[in-house]
Amino acid sequence: MEVVIVPDAVAGGELIAEAIATLVRRKPEALLGVATGSTPLPIYEALATKVRAGAVDASRARICQLDEYVGLPAGHPESYRSVVLREVVEPLGLDESAFMGPDGTAEDVPAACEAYDKALRDAGGVDLQLLGIGTDGHIGFNEPCSSLASRTRIKTLTQQTREDNARFFDSLDEVPHHVITQGIGTILEARHLVLLATGEGKADAVAQAVEGPVAALVPASALQLHRHATVVVDEAAASKLKLAEYFRATYAAKPEWQGL
Ligand SMILES: N[C@@H]1[C@@H](O)[C@H](O)[C@@H](COP(=O)(O)O)O[C@@H]1O
């Protein structure tokens, strides 16, 4: 696992956007897994700026979703499908046909989950999966004690996560209890995992994920099992890392050709 400490969220966004641009230059039809929440927005903004400036041609890239609420009406502005179309697909100038995600409106949720895992496989697998981290250490919507081998499935949100996400809804009552999320086993199949965490509120979760034991209690610790995982953190989110100086020195000495 590589840990990169950046000065702030904008620098993190720029660094990761450049890694995505490098991937897309090498593999124009790359499948990019995107995360929702506030944290990845600087990545999407930096990437869209590169596309508009002609620094990268992302017109053949494909986008896939990490997770989704269950039971929101189709087209609800806070369904993750709507969020990803609004924040990623449209700003990159892509068509909706370049996008895939689990169907949170399906009557048969288990079948929708299985279909999504199959769709990811049929698409050739995810090349680069962006991740955020919940204050309880979740990735996607894999809450604490999710199986590290889990596949895409339905999960029940913790009260903490519903409260964290209530800011996107008119009230806490409107935040769904159920979600579909790529499983931890599914996420670990992506070729490159890139987790961005910013702000002091994520410092404990980051320290446990990076420096704690691999444990289902801290789903993000599963990144330790992946052979190409990159954790990008700002100073505040890095503030509880014991090895921060080592991570800084390692990154400073890294040959530029290696990229992320
Ligand atoms: N399902 C999403 C996660 O993918 C995201 O990482 C997390 C943190 O969001 P934020 O970046 O807004 O803190 O929120 C939600 O639970």
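Each value, and the rule that gives it
- Residues numbered from 1 in each chain as written.
- Predicted model: local features only at pLDDT ≥ 70, side-chain atom pairs only at ≥ 80, totals over all residues.
- Heavy atoms only, no water.
- Pairing = 2+ DSSP bridges.
- Helix = DSSP H or I, 4+ residues; strand = E, 2+ residues; numbered from the N terminus.
- Contact = heavy atoms within 4.5 Å.
- Axes fitted to C-alpha atoms, helices over the stretch in contact; angles between N-to-C directions.
- Near = heavy atom within 4 Å.
- Polar contact = N/O pair within 3.5 Å; in protein donor to acceptor, adjacent residues only side chain to side chain.
- Areas by Shrake-Rupley, 256 points an atom, 1.4 Å probe, with all protein chains shown as cover.
- Nonpolar A, V, L, I, M, F, W, Y, C, P; charged D, E, K, R; others polar.
- Buried < 20%, exposed > 50% of the residue type's maximum accessible area, 1.4 Å probe, protein only.
- Right-handed = clockwise from strand over helix to strand, strands pointing away.
- Core = buried A, V, L, I, M, F, W, Y, C linked by side-chain atoms within 4.5 Å.
- Salt bridge = Lys/Arg side-chain N within 4 Å of Asp/Glu carboxyl O.

*Asks:* When you look at the sheet that holds strand E3 (residues 62-65) in this model, what are you seeing that I'm missing?
*Replies:* Backbone-to-backbone hydrogen bonds pair the strands of a sheet. The strands run either parallel or antiparallel. The strand order across the open sheet built from seven strands is E1-E10-E9-E6-E2-E3-E5, with neighbouring strands paired in parallel fashion. One side of each edge strand has no neighbouring strand; the edge strands of this open sheet are strand E1 (2-6) and strand E5 (99-100). Both E1 and strand E10 (residues 229-234) contribute to a ladder of five bridges, which runs parallel. For Glu-2, the partnering residue across the bridge sits in E10 and is Thr-230. Sheet contacts for helix H3 (residues 80-89): strand E2 (31-34), E3 and E5; angle to E3, the most-contacted strand, approximately 150 degrees.

*Asks:* I keep staring at the side chain of Thr-161 and nothing clicks. Help me out?
*Replies:* Its place among the elements puts Thr-161 in helix H5 (residues 159-165). Not counting residues within four places of it along the chain, the set of residues in contact with Thr-161 comprises Asp-136, His-138, Phe-141 and Glu-143.

*Asks:* I tried to follow the site of the ligand on my own but got confused; where do I start?
*Replies:* What surrounds the ligand is a group of 14 residues, the closest being Ser-38, Thr-39, Asp-67, Arg-167 and Lys-202. His-138 is positioned such that a nitrogen or oxygen atom in its side chain is 2.8 Å from an oxygen atom of the ligand. One of the side-chain N or O atoms of Lys-202 is found 2.6 Å from an oxygen atom in the ligand. Its free accessible area being 390 Å², the ligand has 93% of it covered by the protein chains. Residue classes in the shell around the ligand are distributed as three nonpolar, eight polar and three charged.

*Asks:* Quick question: what am I supposed to make of the side chain of Ser-221 here?
*Replies:* Along the chain, the position of Ser-221 falls in the loop between helix H7 (203-211) and E10. Owing to a relative accessible area of 0%, Ser-221 belongs among the buried residues under this scheme. Separated by 2.9 Å, the side chain of Ser-221 and the backbone nitrogen of Ala-215 make a polar contact. Ignoring any residue separated from it by four or fewer positions in sequence, one finds Ser-221 in contact with Gln-208, Ala-209, Pro-213, Val-214 and Ala-215.

*Asks:* Please clarify how the environment of Leu-120 should be interpreted in this entry.
*Replies:* Within the element layout of this structure, Leu-120 appears in helix H4 (residues 109-122). Given the relative accessible area of 5%, Leu-120 is considered buried. Residues in contact with Leu-120, not counting those within four places in the same chain, are Cys-64, Met-100, Gly-125, Val-126, Gln-182 and Thr-186.

*Asks:* Which parts of the structure should I look at to understand the pairing of strand E9 (residues 192-197)?
*Replies:* The side chains of a regular strand alternate between the sheet's two faces. Burial within E9 is extensive, with six of its six residues counted as buried. Burial of E9 is two-sided: the residues His-192, Val-194 and Leu-196 facing one way and the residues Leu-193, Leu-195 and Ala-197 facing the other way are all buried. As defined by bridge partners, strand E6 (residues 128-131) adjoins E9 across four bridges and the pair is classed as parallel. The residue of E9 that forms the bridge with Gln-129 is Leu-193. Two strands pair when backbone bridges link them, and E9 and E10 are joined in this way by five bridges, in the parallel orientation. If you follow Leu-196 over to E10, its bridge partner there is Val-232. Read from E9 through H7 to E10, the crossover connection turns out right-handed.

*Asks:* Where do I start with the nonpolar core in this structure?
*Replies:* Soluble globular proteins: nonpolar side chains tend toward being buried together. Counting residues in each nonpolar core, the largest one holds 71 residues, and the members touching the most others are Ile-16, Ile-20, Ile-63, Leu-130, Leu-195, Val-233 and Leu-241. With seven residues, the top contributor of residues to this core is helix H1 (residues 9-26). Once residues lying within four places of it in the same chain are set aside, the contact partners of Val-233 are Val-3, Val-4, Ile-5, Val-6, Ala-197, Val-206, Ala-238 and Leu-241. In this structure, Tyr-80, Phe-141, Phe-169 and Val-179 belong to the second largest nonpolar core, which totals 10 residues.

*Asks:* Any chance you could explain the pattern of salt bridges here in plain terms?
*Replies:* Two side chains that carry opposite charge are able to pair once their charged atoms sit near each other. Overall, the coordinates contain 14 salt bridges when judged by the stated rule. Asp-204 is the partner of Lys-240 in a salt bridge, and the nearest nitrogen-oxygen pair spans 3.3 Å. Within this pair, whereas Lys-240 is found in the loop between E10 and helix H8 (244-252), its partner Asp-204 is found in helix H7, the two being separated by 36 residues in sequence. With relative accessibility at 45%, the residue Lys-240 sits in the partly exposed group. Take Asp-204: its relative accessible area is 43%, and that puts it in the partly exposed class. Salt-bridge contacts for Arg-248 lead to Glu-245; the nearest nitrogen and oxygen are separated by 3.2 Å. Here the residue Arg-248 and the residue Glu-245 both occupy positions in helix H8, the gap between them amounting to three residues, near one helical turn. Each of Glu-14, Glu-18, Arg-25 and Lys-50 takes part in a single network of salt bridges with overlapping partners.

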